[in-house]
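This is what each chain is made of:
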Amino acid sequence: MDTDYRAGGRLAWLALAIVLVAEVMDLLDTTIVGVASPAIRDDLGGTYSTIQWIAAGYTLAFAVGLITAARLGDLYGRKRLFVIGVAGFTLASAACALATTPGMLIGFRIVQGVFAALLIPQGFGLIRAAFPPEQLGKAFALFGPVMGLSAVAGPVLGGALVDADLFGTGWRMIFLINVPLGVIALIGAVKLLREDRSRDVGGLDPIGAGLATAGAFLLVYPLVQGNELDWPAWIFGCLALGVLLFVALGWHLVRRSRSGRTPLVMPSLFRKRSFSSALVVGVLFFAGMSGLMLALTLYLQIGLGYSALRAGLTFGPWPLGIAVGAGIAMGVLVPKFGRYVIIGSALVMAAGIAGVWLTLELVGSSVSSLDFAPALFVSGIGMGGVIAPFFDIALGDVDDDEVGSASGLLNAIQQLGGALGVAVLTTVFVSLLGDGRPTPGIYTGAAQKLLLIDVGLLIVLAGLSFLLPPKARPESAVPGDSAADDNAAARASTNA
């Protein structure tokens, strides 16, 4: 077996396939659930906050687990963590499909997010262990097309599964589809993957992880529940406490680093203005996109009466535009213009979203899927130009010994931003609907206001992007010997 691996033979490519199956399972789950959310609420009951928690619970658990999970893989073996993650994710998916109340589903979604955080950071290191150095480029090159296809297929597949109502399962099939994929990935992982761990890694930081988890929860929870509870005083107390916990986390990281122990995140990163700016840009970008996508899904299905499949097809031009924008950015523009590609792409995306607003202004509630297509495609081109180079450029001024910590933090910020976006923007959208039974016209007006908010966020993001590093980090410098380094390179490859 080792000889076949060293030669980059059949076993190595099978190992790559197993890792890709697990990655696709996670990505499909993320993109499918949004389209199915209205059907879930209709079946299980609940409020708009239920829909928010189904999405935000997963991404929040994913975010706070990523950095620690990467280090667990370094310490105890990436294959072991990958197998545990796949098994847990598969079981949690089955549990989601069997949920009978909103609370059960949200709880199992959080469990899904925890196990996704265990498996995702390990994949890139496992591939590096399976292939000889001269074939790594070919192996990594498959990540982008496979993930891009999954992103395109996710909403459409989700809508098709909900509308098909296979065996009377309805929305539950979006989770059941993970079970055979998970079983395939699990059997293949046990039989084919090689164990791999880092040669030099520090210990865990449970106090730092606990502070980050509690702080993130105390920020997201009040933002989701506040509107439904009419913003009582204790909601603002939770927000204040969440901020204080992150301040305490910063103090803890500095203290732990000075004592010679490995902190959850290297505090020296926050002294780099360019990297701190990248964190802010990342939060704004991923929050704006995640919140807008969920709100538009609710608008199309609940406000305009689109079926789940039609809503998924309506979004189709967006990921197609992302593929075009990412290809142009990484293949032509980024090597020459660096951060200015992010700045220009953010403005292109703002123009596309403004085009969606204009479409609704001209056509109103009788808007068709075809009416949305041009503006969504332009939005996708801009989004691809932002997201493809973002991670490499964000790491541009980071020192070599900080890359692992920085990349893990960027990945966590991506997920945390998504959770905050679902919490904030969807709450804004629901509050704009007012009380009573909103008409399609009211839904359209609320969607237009949210689109303008997102345009504003993108303009601010473009301005802040002038503070990013001028050029991307050299590709050869990104992959290190830790799972965090591997995950950064994998994410950059996937985004491209």
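Residues numbered from 1 in each chain as written. Predicted model: local features only at pLDDT ≥ 70, side-chain atom pairs only at ≥ 80, totals over all residues. Heavy atoms only, no water.

## Observations regarding the overall build of the protein chain
Then comes step 1: If you tally the helices and strands in the protein chain, you get 20 helices and zero strands.
Then comes step 2: Taking 2.2 N^0.38 as the reference for a compact globule, 496 residues should give roughly 23 Å; the C-alpha atoms of the protein chain span a radius of gyration of 22 Å, in line with that estimate.
Then comes step 3: Once the C-alpha set of the protein chain is aligned to its principal axes, its extents read approximately 65 × 50 × 45 Å.
Then comes step 4: Across the 496 residues that make up the protein chain, the buried fraction comes to 58%.
Then comes step 5: Carbon and sulfur atoms form 68% of the exposed surface of the protein chain, whose accessible area is close to 18,900 Å².
Then comes step 6: Charge-centre separation for the protein chain: the mean point of 30 positive side chains lies 5 Å from the mean point of 31 negative side chains. (Helix = DSSP H or I, 4+ residues; strand = E, 2+ residues; numbered from the N terminus. Rg over C-alpha atoms; globule rule 2.2 N^0.38 Å. Buried < 20%, exposed > 50% of the residue type's maximum accessible area, 1.4 Å probe, protein only. Areas by Shrake-Rupley, 256 points an atom, 1.4 Å probe, with all protein chains shown as cover. Lys, Arg positive; Asp, Glu negative; His and termini not counted. Charge placed at Lys NZ, Arg CZ, Asp CG, Glu CD.)

## Regarding a nonpolar patch on the surface
Then comes step 1: There is a patch of nonpolar side chains on the surface, built from Leu320, Val324, Ile328, Val332, Leu333, Phe337, Tyr340, Phe377 and Phe466 and spanning about 790 Å² of accessible area.
Then comes step 2: In terms of residues, the nonpolar patch owes the most to one element, helix H15 (residues 317–337), which gives six residues.
Then comes step 3: Position of Val332 among the secondary structure elements: in helix H15. (Patch = residues over 30% accessible without salt bridge, like charges linked within 9 Å, V, L, I, M, F, W, Y side chains within 5 Å. Salt bridge = Lys/Arg side-chain N within 4 Å of Asp/Glu carboxyl O.)

## Thoughts on the pattern of salt bridges
Then comes step 1: Summed over all chains, the structure comprises five salt bridges.
Then comes step 2: Across the pair Asp205 and Arg256 runs a salt bridge whose closest N-O atoms are separated by 3.8 Å. With Asp205 in the loop between helix H10 (178–192) and helix H11 (206–225) and Arg256 in helix H12 (residues 233–258), the pair connects residues that are 51 residues apart, well separated along the chain.
Then comes step 3: The class for Asp205 is buried, based on a relative accessible area of 3%.
Then comes step 4: One salt bridge in this structure joins Lys272 and Asp399, with 3.5 Å as the shortest N-O distance. Highlighted residues: Lys272 in the loop between H12 and helix H13 (273–303) and Asp399 in the loop between helix H17 (369–394) and helix H18 (403–433), separated in sequence by 127 residues.
Then comes step 5: We classify Lys272 as buried; its relative accessible area is 19%.
Then comes step 6: Judged by relative accessible area, which is 39%, Asp399 ranks as partly exposed.

## Here's the deal with the packing of H15 against helix H16 (residues 339–363)
Then comes step 1: Taken N-terminus to C-terminus, the directions of H15 and H16 make an angle of 150 degrees; their axes are 9 Å apart at the nearest point. In terms of axis orientation, H15 runs roughly antiparallel to H16. Relative to H16, the crossing made by H15 is right-handed. Note on element contacts: H16 touches H15 through Arg339, Tyr340, Val341 and Met349, opposite Trp318, Ala329, Leu333, Val334 and Phe337.
Then comes step 2: Here the contact of H15 with H16 is composed, by residue class, of eight nonpolar, no polar and one charged. (Axes fitted to C-alpha atoms, helices over the stretch in contact; angles between N-to-C directions. Parallel < 35°, antiparallel > 145°, perpendicular 65-115°, else oblique. Left-handed = near helix turned anticlockwise from the far one by under 90°. Contact = heavy atoms within 4.5 Å. Nonpolar A, V, L, I, M, F, W, Y, C, P; charged D, E, K, R; others polar.)

## Some points on the confidence of the model for the protein chain
Then comes step 1: Per-residue confidence for the protein chain averages 86 on the pLDDT scale, and 91% of its residues sit at or above 70.
Then comes step 2: Taken element by element, the predicted model of the protein chain shows its lowest mean pLDDT in helix H20 (residues 483–495) (42) and its highest in H16 (96).
Then comes step 3: pLDDT under 50 marks residues 476–496. Its contacts with residues more than four places away, or in other chains, come to 67 contacts. (pLDDT = per-residue confidence, 0-100.)

## Quick notes on the packing of aromatic side chains
Then comes step 1: Evaluated as defined, the whole model comprises 14 aromatic pairs.
Then comes step 2: Seen in terms of ring centroids, Trp171 and Phe175 are 6.2 Å apart; in terms of plane orientation they differ by 90 degrees. Their pairing is edge-to-face. For the pair Trp171 and Phe175, one class covers both residues: buried.
Then comes step 3: Between Tyr340 and Phe466 the ring centres are 6.1 Å apart and the planes differ by 75 degrees, which places this aromatic pair in the edge-to-face class. In this pair, Tyr340 sits in helix H16 while Phe466 sits in the loop between helix H19 (440–464) and H20, placing the two residues 126 residues apart along the sequence.
Then comes step 4: Connected via pairs of aromatic rings, a cluster forms that spans Trp53, Phe217, Tyr221 and Trp234.
Then comes step 5: It is Arg41 that lies over the ring of Tyr48; its NZ or CZ is 4.7 Å from the centre.
Then comes step 6: Of note, Arg310 hangs over the ring of Tyr306, and the distance from its end group to the ring centre comes to 3.7 Å. (Phe/Tyr/Trp six-rings, centres within 6.5 Å; stacked < 30°, edge-to-face > 60°. Lys NZ or Arg CZ within 6 Å of the ring centre and 35° of its normal.)

## Some thoughts on the side chain of Asp26
Then comes step 1: Along the chain, the position of Asp26 falls in helix H2 (residues 10–44).
Then comes step 2: Relative accessible area serves as the criterion here: at 9%, Asp26 is assigned to the buried category.
Then comes step 3: A distance of 2.3 Å separates polar atoms of two side chains, one belonging to Asp26 and the other to Tyr58.
Then comes step 4: Discounting residues that sit within four places of it in the chain, Asp26 has contacts with Tyr58, Phe62, Phe89, Ala116 and Ile120. (Polar contact = N/O pair within 3.5 Å; in protein donor to acceptor, adjacent residues only side chain to side chain.)

## Concerning unusual backbone geometry
Then comes step 1: In this model, Asp165 sits at a positive phi of 50 degrees, which is unusual for a non-glycine residue.
Then comes step 2: Relative to the helices and strands, Asp165 resides in the loop between helix H8 (143–164) and helix H9 (173–176).
Then comes step 3: Asp165 gets classed as partly exposed once you look at its relative accessible area, which sits at 38%.
Then comes step 4: For Phe167, which is not glycine, the phi torsion reads 55 degrees and is therefore positive.
Then comes step 5: Mapped onto the elements of the fold, Phe167 is located in the loop between H8 and H9.

## A closer look at the environment of Ser290
Then comes step 1: Position of Ser290 among the secondary structure elements: in helix H13.
Then comes step 2: With residues near it in sequence (within four places) discarded, Ser290 still touches Gly418 and Val422.

## Re the environment of Phe246
Then comes step 1: Take Phe246: it is sitting in helix H12.
Then comes step 2: The exposure class of Phe246 is partly exposed, given its relative accessible area of 30%.
Then comes step 3: The spatial distance from the C-alpha of Phe246 to the C-alpha of Thr213 is 9.6 Å, given a sequence separation of 33 residues.
Then comes step 4: Sequence-distant contacts of Phe246, defined by excluding residues within four places in its chain, comprise Ala212, Gly215, Ala216 and Leu219.

## Describing the packing of H17 against H18
Then comes step 1: Between H17 and H18, the shortest axis-to-axis distance is 10 Å and the interhelical angle comes to 140 degrees. Taken together, the axes of H17 and H18 lie oblique to each other. When the axes of H17 and H18 are compared, the crossing they make is right-handed. Residues Phe390, Phe391 and Ala394 of H17 touch H18, and the partners they reach there are Leu410, Asn411 and Gln414.
Then comes step 2: The class makeup of the residues in the contact of H17 with H18 is four nonpolar, two polar and no charged.

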